[in-house]
Amino acid sequence: MAGVRLGSAHVNIRANLKPLRKGLAMAKKVVTSAMRAIGSVLKKMYSLAKKAALAFVAMHTLATVAAIKQEAAEIELAQAMKFQGDYTKENFQAMKEYAAEIQSVTKYGDEAVLMLMRMAKTFGLSNKEAQDAAKAAIALYEGFGGGRGKPAIFLRYYIQTIRDAGSSLNTYIPTLMNAKTHTEKMVELNRALAAGWDA
């Protein structure tokens with residue numbers, strides 16, 4: 001009898017394990033599927049985190065490069081002012097503030113405006129003339145749809161024109177050719193500058 005009981009217990013246990021095995025197999029499938037989904041989400045999160053980290057590094061790098069350009073432009077302008085003997089902290093600060101004003105109303109960073117003023121200083125212009133020349137170069141460049149080169153080219157053309165030493169702007173401002181006197185030329189130039197600045 002003992003053997004029968006053991007046998008029937010064995011049969012009952014095996015029979016009762018069948019649904020348990022099915023349940024475990026289904027649970028395994030669900031867990032495996034969930035783990036795959038979690039793995040996929042983690043991969044996407046890792047990819048996004050990696051992209052965010054790269055974007056942060058890129059923004060930091062760009063900010064650093066911009067700061068370096070800004071500092072270099074300031075140093076170069078200060079040197080040009082010192083070379084001409086009109087550097088003071090107040091004059092230098094005024095030039096930086098003017099560049100910031102131009103930046104606030106144009107797409108040009110103040111480092112670009114500082115660079116234009118530095119170039120104007122190397123042509124021998126006063127601080128005020130250098131400010132005017134930087135603004136004029138941007139107005140001419142923008143007013144003529146970019147023309148050739150960069151605003152620095154138009155800076156040189158502007159300086160040649162105000163010194164009555166060149167006719168490069170005649171291509172862009174034909175009315176300059178009709179001007180009989182330097183005063184008439186300046187009137188025509190100022191009209192073009194106003195139109196370019198409003199462009």
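Structure's up top.
The structure reproduced in this document is the subject of the present report. Please read these numbers as outputs of a predicted model, since none were measured by experiment.

1. Quick word on unusual backbone geometry
Line of reasoning, step 1. Of note, Asp164 is a non-glycine position whose phi angle comes to about 60°, a positive value.
Line of reasoning, step 2. Residue position: Asp164 is located in the loop between helix H5 (151–162) and helix H6 (175–178).
Line of reasoning, step 3. For Asp164, a relative accessible area of 44% gives the class partly exposed.

2. Comments concerning the nonpolar core
Line of reasoning, step 1. One finds Val113, Met117, Leu155, Tyr158, Leu169 and Leu189 to be the most contacted residues of the largest nonpolar core, which totals 38 residues.
Line of reasoning, step 2. The set of elements that each furnish at least two residues to this core consists of helix H1 (2–84), helix H2 (89–105), helix H3 (110–122), helix H4 (127–143), H5 and helix H7 (182–198).
Line of reasoning, step 3. Take this core: its biggest share by element is 9 residues, from H4.
Line of reasoning, step 4. Not counting chain neighbours up to four residues away, the residues in contact with Val113 comprise Ala99, Ile102, Tyr108, Ala134 and Ile138.

3. Comments concerning the side chain of Gln70
Line of reasoning, step 1. Mapped onto the elements of the fold, Gln70 is located in helix H1.
Line of reasoning, step 2. Once residues lying within four places of it in the same chain are set aside, the contact partners of Gln70 are Asp110, Glu111 and Leu114.

4. Quick notes on the packing of aromatic side chains
Each aromatic ring pair is characterised by the separation of its centres together with the angle its planes make.
Line of reasoning, step 1. This model, assessed by the stated rule, comprises 5 aromatic pairs.
Line of reasoning, step 2. For the pair Phe154 and Tyr157, a centre-to-centre distance of 5.7 Å together with 75° between the ring planes defines the contact as edge-to-face. Placement of the pair is Phe154 and Tyr157 together in helix H5, with a separation of 3 residues, close to one helical turn. The residues Phe154 and Tyr157 share a single accessibility class, namely buried.
Line of reasoning, step 3. Between the aromatic rings of Phe154 and Tyr172, the centroid separation amounts to 4.9 Å while the plane-to-plane angle is 65°, which identifies the pairing as edge-to-face. Remark: Tyr172 occurs in the loop between H5 and H6 and Phe154 occurs in helix H5; sequence separation between them is 18 residues.
Line of reasoning, step 4. Through a chain of ring-to-ring contacts, three or more aromatic side chains come together here, namely Tyr141, Phe154, Tyr157 and Tyr172.
Line of reasoning, step 5. Above the face of the Tyr87 ring, Lys82 is positioned so that its terminal group lies 4.9 Å from the ring centre.

5. Some words on H5
Line of reasoning, step 1. In a regular helix each residue adds 1.5 Å, so 12 residues correspond to 16 Å; H5 covers 16 Å between its end C-alpha atoms and thus fits that length.
Line of reasoning, step 2. Those residues of H5 that sit buried are Pro151, Phe154, Leu155, Tyr157, Tyr158, Ile159 and Thr161.
Line of reasoning, step 3. Phi for Asp164, located one or two positions after H5, is positive at around 60°.

6. Here's the deal with the pattern of salt bridges
Opposite charge on two side chains makes pairing possible when the charged atoms of those side chains draw close.
Line of reasoning, step 1. Here the structure, examined in full by the defined rule, presents 7 salt bridges.
Line of reasoning, step 2. The closest approach of N and O atoms between Lys96 and Glu74, which form a salt bridge, is 3.8 Å. Of this pair, Lys96 sits in helix H2 while Glu74 is found in helix H1, placing the two residues 22 residues apart along the sequence.
Line of reasoning, step 3. Lys96 gets classed as partly exposed once you look at its relative accessible area, which sits at 23%.
Line of reasoning, step 4. For Asp132, the salt bridge goes to Lys128, with nearest N and O atoms at 2.8 Å. You can see Asp132 and its partner Lys128 sitting in helix H4, 4 residues apart, about one turn around the helix.
Line of reasoning, step 5. Judged by its relative accessible area of 29%, Asp132 is partly exposed.

Procedures and definitions
Residues numbered from 1 in each chain as written. Predicted model: local features only at pLDDT ≥ 70, side-chain atom pairs only at ≥ 80, totals over all residues. Heavy atoms only, no water. Helix = DSSP H or I, 4+ residues; strand = E, 2+ residues; numbered from the N terminus. Buried < 20%, exposed > 50% of the residue type's maximum accessible area, 1.4 Å probe, protein only. Core = buried A, V, L, I, M, F, W, Y, C linked by side-chain atoms within 4.5 Å. Contact = heavy atoms within 4.5 Å. Phe/Tyr/Trp six-rings, centres within 6.5 Å; stacked < 30°, edge-to-face > 60°. Lys NZ or Arg CZ within 6 Å of the ring centre and 35° of its normal. Expected span 1.5 Å × (residues − 1). Salt bridge = Lys/Arg side-chain N within 4 Å of Asp/Glu carboxyl O.

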